[in-house]
Amino acid sequence: MYRTHTNGQLRAADITKKVTLAGWVQKTRDKGFMVWVDLRDRYGITQLIFDEERTPKEMMATASQLGREFVIQVTGTVIERESKNPNMPTGDIEILVSEITVLNKSLTPPFTIEDETDGGEDLRMKYRYLDIRRKPVRNNLVFRHKVTMAVRNYLSEKEFIEVETPYLIKSTPEGARDFVVPSRMNEGQFYALPQSPQTFKQLLMVGGMDKYFQIVKCFRDEDLRADRQPEFTQIDCEMAFIEQEDILNTFEGLTRHLLKEINGVEIGDFPRMQYDDAMRLYGNDKPDIRFGMRFGELNKVAQHKDFNVFNTAELVVGIAVPGGNSYTRKEIDKLIDWVKRPQVGALGMVYCRVNDDGSYKSSVDKFYDQEDLAKWAEVTGASKGDLICVLSGDTGKVRAQLSALRMELAERLGLRKADEFAPLWVVDFPLLELDEETGHYHAMHHPFTSPKPGQLELLDTNPGDVKANAYDLVLNGNEIGGGSIRIHDKKTQAIMLKHLGFSEEEAKAQFGFLMDAFEYGAPPHGGIAFGLDRLVAILGGQETIRDFIAFPKNNAGRDVMIDAPAPLDTEQLEELHLKLDME
Ligand code: ASP
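Only a predicted model underlies this, so the values are computations on that prediction, with no experimental measurement involved.

### A few points about the overall build of the protein
Right, on to step 1. Along the backbone of the protein there are 17 helices and 22 strands.
Right, on to step 2. Each of the 583 residues in the protein was classed as buried or not, and the buried ones make up 49%.
Right, on to step 3. Surface accessibility of the protein: about 29,700 Å² in total, with carbon and sulfur atoms responsible for 49%.
Right, on to step 4. Charged side chains of the protein number 72 positive and 93 negative; the gap between the two group centres comes to 4 Å.

Okay, structure coming up:
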């Protein structure tokens, strides 16, 4: 037997027991006549002791030669510690070692394997297996396991079946590029890795599976943004014979269960907000509703004077920053610089102080009197001591800019508390979205989402106005899940694909299998998928999804540990019928 106990297990009650432990040397303290070793494994740390009087000479020598991260096995007696450590679960005892085996040596690790390490991000990624020995990383992986177990148990209890779907498939458009895999046996042909199991889960519904889920890898070749991974995990779900209401209730139930089970917080009914309202009130389809600072549209009360910047703008919109009147002129100037950064892109910002005596002082006093400004305060909900920040311009852009400012200010004001959870359903998304660059419409969610009943005809005349049976679940300003009720008849699917710019042949080549299936008794169905990595990070009270993935890729999409992606050798390229023309 390698070990009788783990390194997190022994307590005062075990004193006098003979035990065998194994693990890694966290550190040694060598006083010559006495050597202490901290022995670590997944479960904790136990202190070992070797001393001149009780330990044979050769063993003293072995002990003092142990390096950090050596793997050892020891047998000894549990004894009471002279100086106890109340901060360690095993802090009352130590092991007086009588036998030691060095199972493996270790080079000196490139960073310290402690809760707080001196290793930078790159180094820790290169030696991720060492990073995983650190408690915070290990705890995150254990936490993730707990969340996935809770998901599996909950859904399984509700009669969902976990079914695996293939990875070597054909394009499933979710709005990104596909990762492709060349086929050796079919010259010139390629598989695509799934951006999601979307079409397969719909086929499972046609297959009568009724309630499906899968914790599954998805692959999307997108330009990498901070904290995006080219491969990520979804909790993918689909149900048949349901309406939107059933999906919302079922997955609200799952989310509530997780918040209770994992975080110990009980949350009542999740609020729901129309997509249009989310955009109008928060400038964003995933509003963080842990705090207020709702948008106030000021067109009516600000476009009647000679201030041309506002008069020519499509939208004039402001927020009230609680206590913001305490900002100095310099601080406000810095805020203006902040909104003008290229990442935010505003051209400028108008502001108005609400003084403690109820009077107003704005940066555009030349144009607006106290009565005008009082209306601004009314519309934005500003009270004494607040600062009103106003942006103007094209609706879409201005909303995005003010939304960025709102989030930034909330962060600075400490309004985004990690231990507070504010879930929200955003419903009634538009079916289509206009691509400004190409002038074409594409599916806002994906091409399989059904329009709201009776709106199909609108596709011809006002495509941008068609609403979909699509919904997102938002938690603390993050989209944690999204889904829709699907089209389940061939005719509607064909109309939809036509509007998305597919010719009949293209539609048939790419989605013929699905449309054929719809002709064999496809039941009404719909579903949702949660982004597991992000969900776990949020439940864990952290922002970075990388910290909850065992072997993540870096911001450039590289695995720096195994050094991938990497070139192929000529032989393999030939076998795959690939010729590289590198000029
Ligand atoms: N396949 C969708 C996605 O990955 C989710 C869904 O519609 O169920 O976003």
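Let us keep going from here.
### A closer look at the site of the ligand
Right, on to step 1. Neighbouring residues of the ligand: 14 residues in total, closest Glu174, Gln198, Lys201, Gln234 and Arg486.
Right, on to step 2. One nitrogen or oxygen atom from the side chain of glutamine 234 is found 2.9 Å from an oxygen atom belonging to the ligand.
Right, on to step 3. Compared with its free state, where it exposes 270 Å², the ligand has 92% of that area covered by protein.
Right, on to step 4. Of all the secondary structure elements, the ones that give two or more residues to the shell around the ligand are helix H5 (198-206), strand E21 (478-485) and strand E22 (525-531).
Right, on to step 5. Tallying contributions element by element places E22 first for the shell around the ligand, with three residues.
Right, on to step 6. Residue composition of the shell around the ligand, by class: two nonpolar, eight polar and four charged.

### Things to note about empty space enclosed by the protein
Right, on to step 1. Scanning the model with the defined rule gives one cavity of 30 Å³ or more in all.
Right, on to step 2. Taken as a whole, the largest cavity spans an internal volume of roughly 60 Å³.
Right, on to step 3. As for the largest cavity, its lining consists of Met125, Arg128, Phe551, Pro552, Lys553, Asn554, Arg558, Asp559, Val560 and Met561.
Right, on to step 4. Looking at the lining of the largest cavity residue by residue, the classes come out as five nonpolar, one polar and four charged.

### Digging into the packing of helix H4 (residues 135-157) against helix H16 (residues 532-539)
Right, on to step 1. Direction vectors running N to C along H4 and H16 enclose 110 degrees, while the axes themselves pass 10 Å from each other. Classified by the interaxial angle, the pair formed by H4 and H16 is roughly perpendicular. As H4 runs across H16, the sense of the crossing is right-handed. Residues Phe143, Arg144, Val147 and Thr148 of H4 pack against Leu532, Asp533, Val536 and Leu539 of H16.
Right, on to step 2. Residue classes in the contact of H4 with H16 are distributed as five nonpolar, one polar and two charged.

### Considering the packing of aromatic side chains
Right, on to step 1. What the rule picks out here adds up to 15 aromatic pairs.
Right, on to step 2. Look at phenylalanine 307 and phenylalanine 310: their rings are 4.8 Å apart centre to centre, the planes differ by 75 degrees, and that puts the pair in the edge-to-face class.
Right, on to step 3. Taken together, Phe307, Phe310, Phe367, Tyr368 and Trp376 form an aromatic cluster joined through their ring pairs.
Right, on to step 4. The ring centre of tryptophan 36 lies 4.6 Å from the NZ or CZ of arginine 29, which sits over that ring.

### A few points about the side chain of arginine 124
Right, on to step 1. Relative to the helices and strands, arginine 124 resides in helix H2 (residues 121-126).
Right, on to step 2. Here arginine 124 is in contact with Phe111, Thr117, Gly119, Asp131 and Arg134, once residues within four sequence places are set aside.

### Structural notes on a negative patch on the surface
Right, on to step 1. Together, Glu114, Asp115, Glu116 and Asp118 give the surface a local cluster of negative charge.
Right, on to step 2. Structurally, the position occupied by glutamate 116 is in the loop between strand E5 (93-104) and H2.

### Observations concerning the sheet that holds strand E10 (residues 231-240)
Right, on to step 1. Strand order across the open sheet formed by eight strands is E6-E9-E10-E22-E21-E20-E17-E11, with mixed pairing between neighbours. At either margin of the open sheet sits one strand with a lone partner, and together these are strand E6 (161-162) and strand E11 (272-274).
Right, on to step 2. Here E21 pairs with E22 via five bridges, running antiparallel. For glycine 481, the partnering residue across the bridge sits in E22 and is phenylalanine 530.
Right, on to step 3. Along the sheet, H5 makes contact with strand E9 (211-219), E10 and E22, crossing E10 at roughly 25 degrees.
Right, on to step 4. Across the sheet, helix H6 (residues 244-263) touches E10, E11, strand E17 (423-427), strand E20 (470-475), E21 and E22, and the angle it forms with E22 is around 30 degrees.

### Looking at the packing of helix H10 (residues 329-340) against helix H12 (residues 395-412)
Right, on to step 1. Contact geometry for H10 and H12: axes closest at 10 Å, N-to-C directions at 135 degrees. It follows that H10 is oblique to H12 by the angle criterion. Between H10 and H12 lies a crossing whose hand is right-handed. Across the interface between the two elements, Leu335, Trp338 and Val339 from H10 touch Ala404, Leu405, Glu408, Leu409 and Arg412 from H12.
Right, on to step 2. Considered class by class, the residues forming the contact of H10 with H12 number six nonpolar, no polar and two charged.

### Regarding the layout of surface pockets
Right, on to step 1. The calculated volume of the second largest pocket comes to roughly 650 Å³.
Right, on to step 2. Surrounding the second largest pocket, 30 residues form its lining, Gly44, Ile45, Asp115, Lys135 and Arg138 being those nearest its centre.
Right, on to step 3. For the lining of the second largest pocket, the elements supplying multiple residues, two or more each, are strand E1 (18-30), strand E2 (34-41), strand E3 (44-51) and H4.
Right, on to step 4. Counting residues per element, the lining of the second largest pocket draws most heavily on E2, at five residues.
Right, on to step 5. Of the residues contributing to the lining of the second largest pocket, the split by class is eight nonpolar, nine polar and 13 charged.

### A look at the nonpolar core
Right, on to step 1. Of all hydrophobic cores here, the largest spans 41 residues; its most connected members are Leu155, Phe251 and Trp425.
Right, on to step 2. No other element matches H6, which puts seven residues into this core.
Right, on to step 3. When sequence neighbours within four positions are dropped, the list of residues in contact with tryptophan 425 reads Leu248, Phe251, Glu252, Phe270, Pro271, Arg272, Met273, Tyr471, Asp472, Leu473 and Ile528.
Right, on to step 4. Counting 26 residues, the second largest nonpolar core, distinct from the first, contains Phe295, Ile319, Ile332 and Val339.

### A few points about the pairing of E21
Right, on to step 1. Within E21, six of the eight residues are buried, which leaves the element mostly enclosed by the surrounding structure.
Right, on to step 2. Summarising the sheet, E20 and E21 pair through six bridges and their orientation is antiparallel. What sits directly across from alanine 470, in E21, is serine 484.
Right, on to step 3. The loop that links E20 with its antiparallel partner E21 comprises two residues; one of these, asparagine 476, has a positive phi angle of about 50 degrees.

### Focus: the sheet that holds E2
Within a sheet, each strand pairs with its neighbour through backbone hydrogen bonds, oriented either parallel or antiparallel.
Right, on to step 1. Around the barrel, five strands lie side by side as E1-E2-E3-E5-E4; this closed barrel has mixed pairing. Each strand of the sheet is rotated relative to its neighbour by a mean of 55 degrees, with strand direction disregarded.
Right, on to step 2. Judged from the eight bridges that link them, E2 and E3 form a sheet pairing that is antiparallel. Residue pairing for E3: aspartate 41 is matched across the bridge by glycine 44.
Right, on to step 3. The strands touched by helix H1 (residues 57-64) within the sheet are E1, E2, E3 and E5, with E5 carrying the most contacts at an inclination of about 75 degrees.

Here is what the cut-offs are and how they apply
Residues numbered from 1 in each chain as written. Predicted model: local features only at pLDDT ≥ 70, side-chain atom pairs only at ≥ 80, totals over all residues. Heavy atoms only, no water. Helix = DSSP H or I, 4+ residues; strand = E, 2+ residues; numbered from the N terminus. Buried < 20%, exposed > 50% of the residue type's maximum accessible area, 1.4 Å probe, protein only. Areas by Shrake-Rupley, 256 points an atom, 1.4 Å probe, with all protein chains shown as cover. Lys, Arg positive; Asp, Glu negative; His and termini not counted. Charge placed at Lys NZ, Arg CZ, Asp CG, Glu CD. Near = heavy atom within 4 Å. Polar contact = N/O pair within 3.5 Å; in protein donor to acceptor, adjacent residues only side chain to side chain. Nonpolar A, V, L, I, M, F, W, Y, C, P; charged D, E, K, R; others polar. 1 Å grid on protein atoms, 1.4 Å probe; cavity = no way out; pocket = protein on both sides within 12 Å on 5 of 7 lines; lining within 4 Å. Points joined across faces, edges and corners; volume = space filled by probe spheres on them. Axes fitted to C-alpha atoms, helices over the stretch in contact; angles between N-to-C directions. Parallel < 35°, antiparallel > 145°, perpendicular 65-115°, else oblique. Left-handed = near helix turned anticlockwise from the far one by under 90°. Contact = heavy atoms within 4.5 Å. Phe/Tyr/Trp six-rings, centres within 6.5 Å; stacked < 30°, edge-to-face > 60°. Lys NZ or Arg CZ within 6 Å of the ring centre and 35° of its normal. Patch = residues over 30% accessible without salt bridge, like charges linked within 9 Å, V, L, I, M, F, W, Y side chains within 5 Å. Salt bridge = Lys/Arg side-chain N within 4 Å of Asp/Glu carboxyl O. Pairing = 2+ DSSP bridges. Core = buried A, V, L, I, M, F, W, Y, C linked by side-chain atoms within 4.5 Å.

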